[in-house]
Amino acid sequence: MVSDPGARRSMPGTDPVTGPTRKSNRRVVMTTCTAHGAAGFTNLLVTKEGGFIVLNPHVGNCCILRLDEHAATAMYHLFGEWLGYEPVSAVDG
Ligand SMILES: [Zn+2]
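Just so you know, these numbers come straight off a predicted model, no measurement behind them. (Residues numbered from 1 in each chain as written. Predicted model: local features only at pLDDT ≥ 70, side-chain atom pairs only at ≥ 80, totals over all residues.)

Helix and strand counts for the protein chain stand at two helices and four strands. Taking all 93 residues of the protein chain together, the buried fraction comes to 1%. The long-range share in the protein chain, meaning contacts at least 24 apart out of those at least 6 apart in sequence, stands at 2%. (Helix = DSSP H or I, 4+ residues; strand = E, 2+ residues; numbered from the N terminus. Buried ≥ 20, exposed ≤ 12 C-beta atoms within 10 Å, placed from the backbone. Contact = placed C-beta atoms within 7 Å.)

In spatial order, the strands read 1-2-3-4; together these four strands make up an open sheet with antiparallel pairing. On the outer flanks of this sheet lie strand 1 (26–31) and strand 4 (65–67), each paired with one strand and no other. Strand-to-strand, the axes of this sheet are offset by a mean angle of 25°, without reference to chain direction. As paired strands, strand 2 (residues 42–49) and strand 3 (residues 52–57) are joined by six bridges and run antiparallel to one another. From the neighbouring strand, Thr-47 faces strand 3, where its bridge partner is Val-54. (Pairing = 2+ DSSP bridges. Axes fitted to C-alpha atoms, helices over the stretch in contact; angles between N-to-C directions.)

Counting buried positions along strand 1 gives zero out of six residues, so the element sits mostly on the surface. As defined by bridge partners, strand 1 adjoins strand 2 across six bridges and the pair is classed as antiparallel. Across the sheet, the residue bridging to Thr-31 is Thr-42, located in strand 2.

Relative to the 21 Å expected for 15 residues at 1.5 Å per residue, helix 2 (residues 69–83) spans 21 Å between its end C-alpha atoms, a close match to the ideal helical length. Within helix 2, only zero of the 15 residues are buried, which leaves it mostly out in the open. Once helix 2 ends, the next one or two residues include Gly-84, with phi positive near 85°. (Expected span 1.5 Å × (residues − 1).)

Relative to the elements of secondary structure, Arg-26 occurs in strand 1. With 23 residues separating them in the primary sequence, Arg-26 and Glu-49 have C-alpha atoms 9.3 Å apart.

Before going further, it helps to examine unusual backbone geometry. Even without being a glycine, Val-59 presents a positive backbone phi close to 50°. With respect to the element layout, Val-59 can be found in the loop between strand 3 and strand 4. Val-59 sits in the exposed class, given 12 other C-beta atoms within 10 Å. Although it is not a glycine, Asn-61 adopts a positive phi angle of roughly 60°. As for its position among the elements, Asn-61 is in the loop between strand 3 and strand 4.

Written out as structure tokens, the structure reads:
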């Protein structure tokens, strides 16, 4: 648990422009790439750009997936189904 905002500011990967306290449309998710997975993990950069969710594996711009609202919603429901979550409309906290 990190409670010191100064400590968070010095963490690697913190965007110096947006800083740790502003809401960011960028997230890095630790994943595994089976094609280039020699290092054991892959950083997947997930950003929200306008009406699109953009997936940038390796944070390297080598292959970028742009999901429009329809595709992102499909993924959301698919992941929820596979992870065993109830549909959003049935969840009340
Ligand atoms: Zn890869």
